Amino acid sequence: RGEATEALLNYRQAIAIEGADYKVWQQVISMEFQNLEYDSVILHCDQALERYPNQALLYFYNGVAYYSKKEFETAIRLLSYGRKYVGDPNLLGFFHAQLGDAHNALEQHTQSDEAYEKALELNPNNEHVLNNYSYFLCLRKQQLLKAQDMAKKLIQKHPENATYLDTYGWVLYTMKQYEEAEIYLRKAALLEENGTVIEHYGDVLFELGQFKKALVQWRRAQELGGATDSIGLKIKNNEDHD
């Protein structure tokens, strides 16, 4: 860790000198990106793009950094513009995946779905897209069979991944297949102390008439944080069954 920090400092000094080549800029930005230093990523991407305006990767890093700061319009603008410089189909898939996320965040579902579809054309096994696309379709209660297929693909490959199990379970829940949903949501809740996952498990227990067990999970979810705004109401309404 110390060596990496020192390397980053050295690279930063190098880009402060006029005429540093693209590789050095890329090194600085990718290290900052890995460190989640998004303000620095944005600053250095902007500076690097003045020198190297046709480097696709700079637009990608910049777009993702803005997305992480919830500046979705700026992210979309950068990613859409930077796409035309991409030669590598793999990288292009990542551009489309990020555009899908950014459009979804703005509830631009048509554009979001189109971007995800393009990403999956380039790589049908893009796990980020399979998970997000299926989950977002599920939240909209649209194309649920498609959502189920995508989510199933992930749990077949990663049977111990709590996020993927939660997505698959939640798709089944939305399809009112509560018995089956409970299997996957229970497994997800055992694997990860996550408010969203545990609230979902509580929801399916409630639908199966297991009110006391549901209440236990909802209280856990509330304590952990990350549950929906309605968690307090669910707990209050269900305490009558306690």
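If you're wondering where the values come from, they're calculated on a predicted model, not measured in any experiment. (Residues numbered from 1 in each chain as written. Predicted model: local features only at pLDDT ≥ 70, side-chain atom pairs only at ≥ 80, totals over all residues. Heavy atoms only, no water.)

## Comments concerning the packing of aromatic side chains
Item 1. As enumerated under the stated definition, the model contains 17 aromatic pairs in all.
Item 2. Ring plane angle 70° and centroid distance 6.0 Å describe the contact between Tyr81 and Tyr85, whose orientation is recorded as edge-to-face.
Item 3. Among the residues examined, Tyr81 registers a relative accessible area of 41% and is labelled partly exposed.
Item 4. Using a relative accessible area of 29% as the deciding quantity, one classes Tyr85 as partly exposed.
Item 5. Centre to centre, the rings of Trp170 and Tyr173 are 4.2 Å apart; their planes meet at 5°, and the pair counts as stacked. With Trp170 and Tyr173 both in helix α10 (residues 162-174), this residue pair falls three residues apart, about one helical turn.
Item 6. On the basis of relative accessibility, which here comes to 16%, the residue Tyr173 falls in the buried class.
Item 7. A network of ring pairs unites the aromatic residues Phe33, Tyr38, Phe60, Tyr61, Phe94 and Phe95 as a single cluster. (Phe/Tyr/Trp six-rings, centres within 6.5 Å; stacked < 30°, edge-to-face > 60°. Buried < 20%, exposed > 50% of the residue type's maximum accessible area, 1.4 Å probe, protein only. Helix = DSSP H or I, 4+ residues; strand = E, 2+ residues; numbered from the N terminus.)

## Quick notes on the confidence of the model for the chain
Caution applies to low-pLDDT regions: their predicted coordinates should not be interpreted in detail.
Item 1. When pLDDT is averaged across the chain, the result is 93; 96% of the residues are at 70 or more.
Item 2. Here helix α1 (residues 2-16) stands out as the least confident element of the chain, with mean pLDDT 72; helix α5 (residues 72-82) is the most confident, with 98. (pLDDT = per-residue confidence, 0-100.)

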